[in-house]
Amino acid sequence: MRHNEQWNTFFAVEKDLPYRPHMDRTKELSRLSLCAGAASRHCPPLSFWALIQKQLRFFVWKIWFLQGMILAALCTACLYLYERTSLYWFADILPRFLCYSSGIVVLSAVPILRRSSHYRMIELEQSTRFSVVGSLAAQLLFIGIGDLVMLVVLALIVWQHGLTGSVIFISLVIPFLTTAATCLMLWIRTAPSGFERRAVLLGLATTLLMNQLLAWYRNSPLNGRLWCWYPYAFLCLVILYRECRKLTIGSCSENMIC
Amino acid sequence: MELILEHVSKQFKDRQNIKKAVNDVNLQLSPGVWGLLGANGSGKTTLMRMICGIMKPTSGHIRYDGVSIEDLGDTYRDVIGYLPQEFGFYPEFTVRQYLEYIAALKGLPDKVARQKIDELLTRLSLEDVYKKKISKLSGGMKRRVGIGQALLNDPEFLVLDEPTSGLDPGERVRFRNLLSEFAQNRIVLISTHIVSDIEYIATQNAIMKNGAILQTGSTQELVVQMEGKVFEAVINPQDVSRWEQKVQVVNVRNEADGSVSLRYLGNPDDIPRAKLQEPRLEDLYLELFPRK
Ligand SMILES: Nc1ncnc2c1ncn2[C@@H]1O[C@H](COP(=O)(O)OP(=O)(O)OP(=O)(O)O)[C@@H](O)[C@H]1O
Ligand SMILES: [Mg+2]
């Protein structure tokens, strides 16, 4: 009713508009659409956080179960390596192991992120209120939490076995950020067909490259100067933030659909 | 309520080539059932994807009640229901879970979603299978679930891309009735190659060819141009292939006495003793998209 009154007032003031029939039709259409809109929205739609809570039910166990299995495998491998190797382990094998593990942690998201396009749900999801961004943002949030838990558990295990915080930062966190940033960039820029293959290849290549870079760093005069990695980590975080933002404003979803 | 397409085009880059899937489409969709007819590859799906905001047009504008659908964003997506041509689903979902998942993405609060899902399960005869995994359902049943999800938010504007493929004749009739009832004060856009599915329920038709809209109008308005061009002749069964080479055959029907009735487009003297027939939309379709 309030809307109707507003329109009536507006058109009462603007009495001498030209194209009267046209304006009458516009007025009628606007009225109809406002009334229909008001009638259909007698209850407020779900908020974004309510959507995320609802998504918990649909996806979260699948995501965390997969990540849990991968974490268990990584922990077993880590402890096995610890029992089988000597002091040399600390110096060389463990940082390498952490670097590869970070790649595996990132790649554990691939089977989850490909689901929407693999099962041809992406087009339908895109046409809904929250669009594909709603479901992907929820999934990315759960994946992010899972990744964080995986990294913390791995870090705690190797820390308990004597590895220092700085080595953990350089061997686990830096490669993780690098691989995550490159894979996210690939994901939102390319068509879904063949995404898994490309993501795995890119993830592996990035991890190998990081491994080489870290080996070079350990043998260089820069070794021990942690500060030189801070700008790099910051850059990776900026890229991750930008890519996630791009995803949430939906400017990349067309690439992902077709 | 009105959706206006102004000079809408979409092109795809396919390696070196540029493919114009939709070419300068102008259309004004008002409440009622709209049939979008066209041969394979004529651009129906691409046009529907743009109308639903899934793809952006390369050029041109799409406006809903005068406002660009891009500006309307989620307000626009709130009032549309879309059934894609390739209906997808997560294999672990049951029918009910699937509808609950889509209802959540459509922003329906729990109570409304529950009521709407119960109502749709009954209307689409899915009450017996709601606990089943979608992957275990037949093709036609899956299609019904797809139609159900499109109706969840009681859309003002319903876009269905080949909704009837895979439905049996009984379900087709029920579906047509459901749509006719639903289309009161709403815009329903249906794409299909099955002319009979929209011939009787579409208030308006748009015919697409090579990405462009060739003709628009009600079925009666469109078929007028076919008057005096559709004939039926009774022939011997062994002559069918000979006549098929000479005239554009619409339909071949075997009669009880062993002869064959041939409906064709052309002239009365093409086949001896041919009788003039009332034109139908299918005849126009075959005139515009002749069989090779
Ligand atoms: N993502 C894409 N990339 C490149 N070309 C595309 C893409 N989508 C569609 N096309 C091309 O655009 C044209 C129109 O395709 P579209 O799927 O819209 O046709 P259609 O009328 O829906 O066909 P059908 O009846 O078979 O479903 C086709 O030639 C198709 O190859
Ligand atoms: Mg199509």
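Everything here concerns the structure above.
Residues numbered from 1 in each chain as written. Chains lettered and ligands numbered in written order. Predicted model: local features only at pLDDT ≥ 70, side-chain atom pairs only at ≥ 80, totals over all residues. Heavy atoms only, no water.

S.K.: Break down the coordination of the magnesium ion (ligand 2) for me, citing the residues and quoting the values.
M.R.: Residue and element names in this part refer to chain B. Ligation of the magnesium ion (ligand 2) by protein atoms is provided by T45 (OG1) and Q85 (OE1), these donors lying 1.9 to 2.1 Å from the ion. Highlighted residues: T45 in helix α1 (residues 44-51) and Q85 in the loop between β6 (80-83) and α4 (95-105), separated in sequence by 40 residues. The exposure class of Q85 is partly exposed, given its relative accessible area of 34%. (Donors = N, O, S within 2.8 Å, 3.2 Å for Na, K, Ca; no water. Helix = DSSP H or I, 4+ residues; strand = E, 2+ residues; numbered from the N terminus. Buried < 20%, exposed > 50% of the residue type's maximum accessible area, 1.4 Å probe, protein only.)

S.K.: Could you give me a rundown of the state of the cysteines, with the residues and numbers involved?
M.R.: Residue and element names in this part refer to chain A. A full pass over the atoms with the stated rule returns 0 disulfides over all chains. Summary of cysteine pairing: C78 is not part of a disulfide, and the nearest cysteine sulfur, belonging to C75, is at 7.0 Å. As a non-bridged cysteine, C183 has C236 as the owner of its nearest cysteine sulfur, 12 Å distant. On the basis of relative accessible area, C183 is assigned to the buried category, the value being 9%. (Disulfide = S-S within 2.5 Å.)

S.K.: Could you give an account of helix α11 (residues 281-288) of chain B, naming the residues involved and the relevant values?
M.R.: In terms of burial, α11(B) is a largely internal element, 6 of the 8 residues being buried. All of the buried residues along α11(B) are L281(B), D283(B), L284(B), Y285(B), L286(B) and L288(B).

S.K.: Pulling in residues and values, what's your account of the sheet that holds strand β3 (residues 32-38) of chain B?
M.R.: Strand pairing in a sheet relies on backbone hydrogen bonds. The paired strands run either parallel or antiparallel. Residue and element names in this part refer to chain B. Strand order in this open sheet of 6 strands is β6-β7-β8-β3-β9-β10, and the pairing throughout is mixed. Two strands bound the open sheet, and with one partner strand each, they are β6 and β10 (212-217). Direction aside, neighbouring strands of the sheet carry axes that sit 15° apart on average. Note that strand β9 (residues 204-209) and β10 share 5 bridges and pair antiparallel. The residue bridging A206 from the neighbouring strand is T216, located in β10. Sheet strands touched by helix α6 (residues 139-151): β6 and β7 (157-161). Its angle to β6, the strand with the most contacts, is close to 165°. (Pairing = 2+ DSSP bridges. Axes fitted to C-alpha atoms, helices over the stretch in contact; angles between N-to-C directions. Contact = heavy atoms within 4.5 Å.)

S.K.: Please provide a residue-by-residue account of the environment of L154(A), values included.
M.R.: Residues and elements named next belong to chain A. Position of L154 among the secondary structure elements: in helix α8 (residues 131-160). Among the residues examined, L154 registers a relative accessible area of 0% and is labelled buried. Once the C-alpha coordinates of L154 and W49 are considered, the two residues, 105 residues apart in sequence, prove to be 30 Å apart.

S.K.: Quick rundown of the sheet that holds strand β11 (residues 230-235) of chain B? Include the residues and the values.
M.R.: Residues and elements named next belong to chain B. Pairing is antiparallel across the open sheet formed by 4 strands, whose spatial order is β12-β13-β11-β14. What marks the edges here is a single partner per strand, and that holds for β12 (248-254) and β14 (275-276). In this structure, β11 lies alongside strand β13 (residues 260-265), joined through 6 bridges in antiparallel fashion. Bridge pairing links I235 to V260 in β13.

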